[in-house]
Amino acid sequence: MELVWYIIIGIVLAMFFVLDGYDFGAGIIHLFYAKKEKDKEVIAKSAGLFWDSNEVWLVAAGGMLFMAFPSFYASVFSGFYLPLIIVLWLIIFRAIGLEFRAQFNYQMWKDIWDKSFGVSSLLLALFFGIALGNIVRGVNLGIVDTGVSTQEAHYFFLPLWDSSFSPLSDHPGVIDWFTLIIGFIAVVTLAIHGANWVILKTNSSINKKLKGVIFKLNIALAALTVFSLIVWQLVNPNSLNNFIDKPYLMVFPIIYLTGLVGLFFIKKIKKDVHAFALSTMLILGGITSSLASMFPVILPSVNDTNPSLTIYNTAASEYGLSVAMNWGVVGIILVIIYMIVQKRLTTGKVDEMDYGH
């Protein structure tokens, strides 16, 4: 049952990063490339019509973690308290940026909320990438000092950074040079995804230019991917063991590589939905490859005193998991119905759809 819930939560989180990921990416594109008012309006609309429903998946994932893996939930939400508060504020300012920009027809007013939308989207992509870097790198569970655990085995607390700024430190911070690399990969990936979304859903005047932007970003992403794999071996020399022991897990990196290679042909792709599918593969392949490399661990310990958190030592009781499955199925069905209805109502280009007036 633990494995079933792990897969379900993984799917829900992947759905969030695919769906809300294009909102983050659209915000990044809006920040750097939208110059004309009409382009700013339609790009904001391409995110604004969808952001609230897309974030349902994040709420669902949080609820499922609390229900299925309560010890992991308690550990992570206390240990990552500072970055989670920052993410909360960024989500708030991204949302009000979208909702407020069209309330008054004054340029200064629009400029303020455009920057709120763009900067918040950029920093959210960065912080979610940094969060993945922390999960992959591991934390000092039990806050071990000189070989002695000073707290309970599942407890930790991270500063935003420590003086060494190194992932190899005995007391690493949230931000170090390794987690920043993963953060930059997330920013570039979601910018590509957002650009594909803008092309797919709008008639923006910069759509043709965005294909060139995607090509350049894809080159940067390929370089960052290779570099991250090299430094990952320094941080965790056993990071590829799961793929060696279970070769079928290679399907996940293949999904990522398919998206990466395919986007090098972005200028030749005729159907916009195909390009969007390729950037979706980037996100799905990246997340699933990271999870597959760690399984069954969900939060590694960087010390030898306390064991890593796994899906087995953090799970709720078998009875609790089985009862929750019944309600979970009902909830997922309702979310899927809601998403289908919304997507049908917003099918096609969004340029003439009403939003924010």
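Conventions we followed
- Residues numbered from 1 in each chain as written.
- Predicted model: local features only at pLDDT ≥ 70, side-chain atom pairs only at ≥ 80, totals over all residues.
- Heavy atoms only, no water.
- Phe/Tyr/Trp six-rings, centres within 6.5 Å; stacked < 30°, edge-to-face > 60°.
- Buried < 20%, exposed > 50% of the residue type's maximum accessible area, 1.4 Å probe, protein only.
- Helix = DSSP H or I, 4+ residues; strand = E, 2+ residues; numbered from the N terminus.
- Contact = heavy atoms within 4.5 Å.
- Axes fitted to C-alpha atoms, helices over the stretch in contact; angles between N-to-C directions.
- Parallel < 35°, antiparallel > 145°, perpendicular 65-115°, else oblique.
- Left-handed = near helix turned anticlockwise from the far one by under 90°.
- Nonpolar A, V, L, I, M, F, W, Y, C, P; charged D, E, K, R; others polar.

Engineer: Is there a simple way to think about the packing of aromatic side chains in this case?
Structural biologist: For any pair of aromatic rings, the description rests on two quantities: the centre-to-centre distance and the angle between the ring planes. Across all of its chains, the model carries 20 aromatic pairs by this definition. When the centroid spacing of 6.4 Å and the interplanar angle of 20 degrees are considered together, the rings of Phe100 and Trp109 count as stacked. Judged by relative accessible area, Phe100 falls into the partly exposed class, the value being 34%. Residue Trp109 is classed as partly exposed on the basis of its relative accessible area of 26%. When the centroid spacing of 5.5 Å and the interplanar angle of 45 degrees are considered together, the rings of Trp197 and Phe276 count as tilted. Here Phe276 lies in helix α12 (residues 272–294) and Trp197 lies in helix α8 (residues 177–201), a separation of 79 residues in the sequence.

Engineer: Would you mind going over unusual backbone geometry with me for this structure?
Structural biologist: Both trends apply: most residues other than glycine have a negative phi, and most peptide bonds are in trans. Omega for the peptide link from Phe295 to Pro296 comes to 5 degrees, which places this bond in the cis form. By secondary structure assignment, the location of Pro296 is in the loop between α12 and β3 (297–299). A positive phi angle, close to 55 degrees, is found at Phe165, a residue other than glycine. Mapped onto the elements, Phe165 comes out in the loop between β2 (148–149) and α8.

Engineer: Just checking my understanding: could you explain the environment of Gly142 for this structure?
Structural biologist: By the element assignment, Gly142 lies in the loop between α7 (107–137) and β1 (144–145). For the pair formed by Gly142 and Asn306, sequence separation is 164 residues and the distance between their alpha carbons is 6.7 Å. Sequence-distant contacts of Gly142, that is, excluding residues within four places in its chain, are made with Ser149, Thr150, Gln151, Glu152, Ala153, Tyr155 and Asn306.

Engineer: What am I meant to see in the packing of α8 against α12 here?
Structural biologist: Helices that pack against each other are described as a pair by the angle of their axes relative to one another and the distance between those axes. At their nearest, the axes of α8 and α12 sit 9 Å apart, and the two run at 160 degrees to each other. Relative to α12, the element α8 is oriented roughly antiparallel. In this structure, the crossing between α8 and α12 has a hand that is left-handed. Along its contact with α8, which presents Thr189, Leu190, Ile192, His193, Asn196, Trp197, Ile199 and Leu200, the element α12 presents Asp272, Val273, Ala275, Phe276, Ser279, Thr280, Leu282 and Ile283. Grouping the amino acids of the contact of α8 with α12 by side-chain chemistry returns ten nonpolar, five polar and one charged.

Engineer: I tried to follow the environment of Thr258 on my own but got confused; where do I start?
Structural biologist: Structurally, the position occupied by Thr258 is in helix α11 (residues 251–262). As a C-alpha pair, Thr258 and Ala61 span 197 residues in sequence and 27 Å in three-dimensional space. In contact with Thr258, other than residues within four places in its own chain, are Leu278 and Met281.

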